[in-house]
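An overview of the molecular structure
These are the residues of each chain, in order.
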Amino acid sequence: MAQIGRDVWQAEKILLHGGLVAIPTETVYGLAGNALNIDSITKIFQVKKRPTFDPLIVHTSSIEKAKSLVVDFPPMAQKLAELFWAGALTLLLPKQLIIPDLVTAGLDTVAIRIPNHPITLQLLTRLDFPLAAPSANPFGYISPTKPTHVKQQLGDKIAYILDGGDCKVGIESTIIGFENDQPVIFRLGGISVEKIEQVVGKVKVKSHSTSNPQSPGSLKSHYAPIKPFFINDIKPLLTRYRPHQIGALVFGEYLKEVPSKNQLNLSVAGDFIEATKNLFSMMRQLDQMSVKVIYATLLPEKNLGRAINDRLRRAAAQ
Ligand code: AMP
Ligand code: MG
């Protein structure tokens, strides 16, 4: 059973030997392995039961190291990296040959990020290779934002979980690629579209396609609890289930249709940052409640509300 601890040296040792370690980041916990070692990468896909067409994000600790992994780092990428790294932003850039095709699912771009978490930055600084790290959950399930989430689901498959506490952002990174030198958002995430647009002007958002060859991992159904999950209209649910059989995830106002003990509030005050931080752990809590189905209200379609709604829609797309 995986040990949860704060020993960076222990994590380093496992990674140096090609093993996997769960690492904290500000977005979600990652399942990390040497991004340049095919055996380690293979283990990541096996442990997560992740299909190999879904590429991995490569984590590093400096812009200089990131540059050594790509053949081109355009001025726009430089600007975004300087402003948002370390942080919840992933850049898609043309990869160097040293990045195995398995990491990128055969694509010629690699996804790179500098995560903003002191213990993981310390680890990355000590290593002379980058870490490939998808979220540390079984493929398709809700991403982990606490060490115990990782232990519950992958505890029998890995040896060590580096404890960095609760994830401060709580949702995956915003993924940005470039088309004709213009930035395009391929996944909504921890840095809002508004924040990005303040820096680079209007950006295209292409995060909803299921068949987008540039971002094959942007699967429509994802981040899903095991229980049936619904959004939009609660009325059809009320004809099929008794109110006490419905669990609800709300934002600000509680629902009058469902008993209050069955409702979790992402943020009573209607705060997007608080809601983002609570999202995945509340989805897990609802999955464990004695209810038959889960209903979630969508947030206002702005700021981090957009990224939260993206995850709620994917969770409901089964
Ligand atoms: P996760 O690490 O679980 O957050 O998933 C990583 C996601 O990053 C994938 O599902 C893809 O959507 C995206 N991604 C990673 N690498 C690439 C790439 N080279 N091109 C496009 N999207 C990528
Ligand atoms: Mg994931």
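Everything here concerns the structure above.
Described in the following lines is the structure provided in the data block.

How each quantity is defined
- Residues numbered from 1 in each chain as written.
- Chains lettered and ligands numbered in written order.
- Predicted model: local features only at pLDDT ≥ 70, side-chain atom pairs only at ≥ 80, totals over all residues.
- Heavy atoms only, no water.
- Helix = DSSP H or I, 4+ residues; strand = E, 2+ residues; numbered from the N terminus.
- Buried < 20%, exposed > 50% of the residue type's maximum accessible area, 1.4 Å probe, protein only.
- Polar contact = N/O pair within 3.5 Å; in protein donor to acceptor, adjacent residues only side chain to side chain.
- Salt bridge = Lys/Arg side-chain N within 4 Å of Asp/Glu carboxyl O.

**What to know about the side chain of Asn262**
With respect to the helices, strands and loops of the structure, Asn262 is situated in the loop between β13 (246-250) and β14 (263-265). Taking the relative accessible area as the measure of exposure, Asn262 reaches 4% and is therefore buried. There is a polar contact of 3.0 Å between the side chain of Asn262 and the backbone oxygen of His244. Engagement of the side chain of Asn262 in a polar contact is seen with the backbone oxygen of Ile246, the distance being 3.0 Å.

**Some details on the pattern of salt bridges**
Following the criterion strictly, the structure yields 14 salt bridges and no others. Ionic pairing is found between Asp163 and Arg6, a salt bridge with its closest N-O pair at 3.9 Å. Taken together, the residues span a long stretch of sequence, with Asp163 in the loop between β8 (160-162) and β9 (174-179) and Arg6 in the loop between β1 (3-5) and α1 (8-16) at a distance of 157 residues. Owing to a relative accessible area of 16%, Asp163 belongs among the buried residues under this scheme. Ionic contacts of the salt-bridge type, sharing partners, join the residues Glu172, Asp310, Arg311 and Arg314 into one network.

By themselves, these observations are geometric and do not establish any function.
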